Structures are given as structure tokens and as C-alpha cells.
Amino acid sequence: MTTLISGGQVLSTAGASAADVLVDGETIAAVGAPGTLGPADETIDATGKYVLPGGIDAHTHMEMPFGGTHSVDTFGTGTTAAAWGGTTTIIDFAVQAKGTSLLSTMDKWHAKADGNCAIDYGFHMIVSDVNDSSLKEMQACVDGGVGSFKMFMAYPGVFYSTDGEILLAMQKAREIGATIMMHAENGIAIDQLAVQAFAAGKIDPVQHGLTRPPELEGEATSRAIQLAKVTGAPLYIVHLSASQALAAVAEARDDGQNVFAETCPQYLYLSIEDLAKPDFEGSKYVASPPLREKSHQADLWRGLRTNDLSVVSTDHCPFCFKDQKELGRGDFRAIPNGIPGVEHRMDLLHQGVVAGELTLGRWVETCSTTPARMFGLYPRKGVIAAGSDADIVIYDPAAKQTLSVETHHMNVDYSAYEGLEITGKVETVLSRGRVVVTPSGFSGSTTHGKFLSRDLNQYLN
Ligand code: URP
Ligand code: ZN
Ligand code: ZN
Ligand code: ZN
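- By the naming in an unreviewed UniProt entry, the protein is Dihydropyrimidinase, taken from Amycolatopsis thailandensis.
- As stated in UniProt under Sequence similarities (unreviewed entry), the record for the protein gives "Belongs to the metallo-dependent hydrolases superfamily. Hydantoinase/dihydropyrimidinase family."
- Heading Cofactor (unreviewed entry) of the UniProt record for the protein holds this comment: "Zn(2+)".

Below is the structure:
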């Protein structure tokens, strides 16, 4: 079965160029000048549209146990919503529970995801129990296609690791070529501020933000960078939200250290003012790190342009307002942490293009090509080129849409972007050659997605 995508503007990190794309089975057979390819069994007219590599969301939490409940998107619903939004690969976090092994954790995540995804998927491993056997198992994870390990300087008593434990895991990562991903917030200090706030009768969602000041993200980011420098491990800062943290990353990168960082759409578009919404509505916006003052946003956009922020991921972690965020009414510390967003990343970053914050090339690079390279999927994913998987989005840059819980496909009862007007819309999505989204709806299946055994980070010095 062959498909010709004709008449579109094909996007790459270099920008747009008029070209046709010929798909044969699951892969791209050729990219050529307009009118030079085909005929094919089917033709999709992409006149006036962008043709870009499918989005890669390197940070999602489907069915994640957290805060006494679990995130409400299953691999099936979450990957279907991702496809609707032009994302054709997710990398989800397998979570090691204390007292369990990394390999049993891998098995557990495979049992949840295998045969239940609409698009291709990989895993990172969250290491929350650093001991001799976990450290030894890191190599087996790499062999199983999971070469990136997340650790937490936040959440004492849950996922938190001490500096000593982080040092040990970084030494191992250095030895085996793996990347350490860091949740960089000083959780020990934050917990004291949160205890003090609660004791003073401050219970509302906004306290979540006020007790997690940006300085404590900057401090933890700097500390993680120094630990990585001492050990020689590659470091990837996840969900960077604060100017202070970005400055630390930029300095390390200027020094040539293997330090990388991602930010998320919520930090570019939402702020602590959302967290301060009355009637407990602020709980919809509780995530860690917290939404910041708007003044951080210009720095984040600049970081995306300078490549000090090289990836945009969503940190999609949906909890329903009605029955899950509710757990923290009366004590902001008990609000499950997470914001839904897997469906909207490509659209929200396209808004950055419309607003002149990003070039088309940087849109594609931060949302697809760089995550592919960072997490060992390139050139199978992240580029429109002969031989690559036919993961292709046909995007109408002029279409208008309004984001809303009424129209989104995530399995959660609110939208963090309710009412936001967007210019641009996904029209058609192919995942490994199969059309999974058409202008008239979802045409995929939750048995289509395959596990991606990933190589190591392709950016290491
Ligand atoms: O609040 C968040 N970010 N929830 C998901 C877990 C994490 O730390 O990434
Ligand atoms: Zn985190
Ligand atoms: Zn996360
Ligand atoms: Zn619910």
C-alpha cells in the first residue's frame, strides 16, 4: 500500500520547503520535488498545509500511581488523545516503587502499555530506590531499550533521592552511557515551607506555588549540574519552569557540559494567577514545579530559541477536578500533582510560531527532532526522510479552534486551557503509514502502537 502526500510544505529543522512525500507501507519511501513522485494507491492533497514529522512527547504519565490515586488517562485513552493532537510517539515514565526492582517495574509498565497504545511508545525508568541491585539493573534496562533514568530531588518520603544516592546513580549512568533525568526542586526545604504555611492556616491551592519558590528550583538545578559534573554523567532537567534554573543550565552548556533541559507548554502559557483562581479551581493547575509568575515566560521562550531549552514535553499527568483534585480541599499538600496536556502541545507551540517567538524549524526541532535524538530514536523518528517511519502530521496553519473540555479527547473532566483560541489545527495523522486521524475523526486503533526499544542519547560529547 502506497500513499502520496502532495502539494504541502514539508517541515524540518531547517524550515519549510515545497515537496511531496511517498509512503510505502510503514515507512517513507521518498521525499521529492512537487509532482515528481507517484502515482500511489492513495493521494492526500496537502496544498496549503504543513507536512511535519509526528510529534514526540518525551514526558507523559499514563495510569501513574501518585498521591493515593492514579492519573486517569490509560495508555489507550492517552495515546489516542496524543494522536488527535499530532503526537505519534510518547515516552512514559515507569515508576519503581520502593522495595521493588527496576526489571519488575519494566514488566509492570509493559503489561499496562503493550497492545493498548494508538501510537508508538517507549519508557524512561524512575529510580526511587537506589541500592546495589537497582544500580546493577540499570544496564539491563538499557539493554531493554530504556536508557534514561529519572530521579527526584523533590517529594521526600516518596520518590526523593539523597545527593549521595544521586551521585551513585550518576556514576553508574556515566559508566553505561545512560542519561539521568532530574526533577530539580529542593524538596527538603519546600516541605518545611509547606508545613509552615499549613500551620498558619494557609490551605488554598495557591500555597502550592508560594511554598515552592523558583529559587529552590534554581538551587536544585545547580546542585544536579554540579553532581553531574563531578561524575561525568549526562543530565537532562525535566519540566524546567524558572528563570533561575534556566540560567544554571545555560551556564553549564556554555561550559560544554552534557546538560540538557525541557520545558512544558503550561510554563509558557499559564501562571501562578491560574493557581490562585477561587473556589478551589486553582487545584486544576497544581503541578510540580508550580506555575510561575508570568515574568519567567519570556526567558523560557528565549531559552527555546537559544537551545538552552531543547525539548518541549507535556508532563501530561491528568487528575479529575471532581473526585481527585478534591483530595486536597482543606490541605493544598494533598492535591494530586499534575496537569493534562498531551493533546495540545503541537498546537500550543504552533501559537509560538504565530506569535513570532519560534521559527517553524524550531517548532519541529523542539517537539520532534530533538526528542528523537535525545532519546535514541533518530532517524527512525523525528524527521521526514526516506527510510524513516511514516509518522507524519498534516497541519492546517490557518484553521481556528478553541481548546475546551467539550472537544478534547483526554480522559479528564477539565481543560487547563479552557477557551483558549488557537490558530492552526491537525488535519491528518499517520502513524507508521497508517492514517490514524482524518479530518472526520479518529481512524486508528489502540492495538496499533508498538514499543520502541531506544538507543542511548545521540547528543553526548
Ligand atoms: O506535577 C507533576 N509534575 N506530576 C507528575 C510527576 C512529575 O514530577 O513529573
Ligand atoms: Zn517531575
Ligand atoms: Zn512528570
Ligand atoms: Zn474522575
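1. Focus on the state of the cysteines
Part 1: For the structure on display, the rule yields 0 disulfides.
Part 2: The thiol sulfur of C117 is not disulfide-bonded, and the nearest other cysteine sulfur, from C317, lies at 16 Å.
Part 3: Classification of C117 as buried rests on a relative accessible area of 0%.

2. Re the pairing of strand β16 (residues 392-402)
Part 1: Within β16, 8 of the 11 residues are buried, which leaves it mostly tucked inside the rest of the structure.
Part 2: Direction of pairing for strand β5 (residues 50-53) relative to β16: antiparallel, over a ladder of 4 bridges. Bridging from a neighbouring strand, Y50 pairs with Y395 of β16.
Part 3: Summarising the sheet, β16 and strand β17 (residues 421-431) pair through 8 bridges and their orientation is antiparallel. Bridge assignment links Y395 to a residue of β17, and that residue is V426.

3. Topic: the nonpolar core
Part 1: One finds F149, I180, M182, L235, L349 and W363 to be the most contacted residues of the largest nonpolar core, which totals 125 residues.
Part 2: Examining the composition of this core, we find that 6 residues originate from one element, helix α13 (residues 360-374), more than from any other.
Part 3: Two domains each put at least three residues into this core: domain 1 (2-52 + 383-397 + 417-442) and domain 2 (53-375).
Part 4: W363 has contacts with L11, Y50, L52, M346, L349, H350, V353, L358 and Y395, leaving out every residue within four places of it along the chain.
Part 5: Among the nonpolar cores identified, the runner-up in size contains 14 residues, and V10, V23, V51 and I394 belong to it.

4. Let's talk about the UniProt feature "modified residue: N6-carboxylysine" (unreviewed entry) in the protein
Part 1: Taking the UniProt record as the reference, the feature "modified residue: N6-carboxylysine" (unreviewed entry) is found at K150.
Part 2: Structurally, the position occupied by K150 is in strand β11 (residues 148-152).
Part 3: Ignoring any residue separated from it by four or fewer positions in sequence, one finds K150 in contact with H59, F93, M125, I126, V127, M181, H183, V238 and H239.

5. With respect to the UniProt feature "domain: Amidohydrolase-related" (unreviewed entry) in the protein
Part 1: UniProt's entry tags residues 50-436 with the feature "domain: Amidohydrolase-related" (unreviewed entry), counted in the numbering of this structure.
Part 2: Across residues 50-436 one finds 37% helix and 19% strand; the C-alpha atoms that close the span lie 17 Å apart.

6. Notes on the side chain of Q324
Part 1: Mapped onto the fold, Q324 is located in the loop between β15 (311-312) and α12 (345-354).
Part 2: Of note is the side chain of Q324, whose polar atom sits 2.7 Å from the side chain of T69.
Part 3: For Q324, the side chain forms a polar contact with the main-chain oxygen of H70, separated by 2.9 Å.

7. Digging into the coordination of the zinc ion (ligand 4)
Part 1: Surrounding the zinc ion (ligand 4) are the protein donor atoms C320 (SG) and D323 (OD), at 2.6 to 2.7 Å.
Part 2: Accessibility expressed as a relative area gives 14% for C320, which makes it buried.

8. Topic: the packing of helix α4 (residues 163-176) against helix α7 (residues 214-231)
Part 1: Closest axis-to-axis distance for the α4/α7 pair is 9 Å, and the angle between their directions is 45°. Taken together, the axes of α4 and α7 are oblique relative to one another. When the axes of α4 and α7 are compared, the crossing they make is right-handed. Contacts between α4 and α7 involve D163, I166, L167, M170, Q171 and R174 from the first element and R223, A224, L227, A228, V230 and T231 from the second.
Part 2: Taken together, the residues of the contact of α4 with α7 sort by class into 7 nonpolar, 2 polar and 3 charged.

9. A few points about the pairing of β11
Part 1: Where burial is concerned, most of β11 is hidden: 5 out of the 5 residues are buried.
Part 2: Burial along β11 is two-sided: the face carrying S148, K150 and F152 and the face carrying F149 and M151 are both buried.
Part 3: Where strand β10 (residues 120-126) and β11 come together, 2 bridges link them in parallel fashion. Looking at β11, one finds that I126 is bridged to K150.
Part 4: In this region the chain leaves β10, passes through helix α3 (residues 132-143) and returns to the parallel neighbour β11; the handedness of that crossover is right-handed.

About the thresholds
- Residues numbered from 1 in each chain as written.
- Chains lettered and ligands numbered in written order.
- Predicted model: local features only at pLDDT ≥ 70, side-chain atom pairs only at ≥ 80, totals over all residues.
- Heavy atoms only, no water.
- UniProt positions renumbered as here; feature names shortened; annotations may be inferred.
- Disulfide = S-S within 2.5 Å.
- Buried < 20%, exposed > 50% of the residue type's maximum accessible area, 1.4 Å probe, protein only.
- Helix = DSSP H or I, 4+ residues; strand = E, 2+ residues; numbered from the N terminus.
- Pairing = 2+ DSSP bridges.
- Core = buried A, V, L, I, M, F, W, Y, C linked by side-chain atoms within 4.5 Å.
- Domains from an automatic or database assignment.
- Contact = heavy atoms within 4.5 Å.
- Polar contact = N/O pair within 3.5 Å; in protein donor to acceptor, adjacent residues only side chain to side chain.
- Donors = N, O, S within 2.8 Å, 3.2 Å for Na, K, Ca; no water.
- Axes fitted to C-alpha atoms, helices over the stretch in contact; angles between N-to-C directions.
- Parallel < 35°, antiparallel > 145°, perpendicular 65-115°, else oblique.
- Left-handed = near helix turned anticlockwise from the far one by under 90°.
- Nonpolar A, V, L, I, M, F, W, Y, C, P; charged D, E, K, R; others polar.
- Right-handed = clockwise from strand over helix to strand, strands pointing away.

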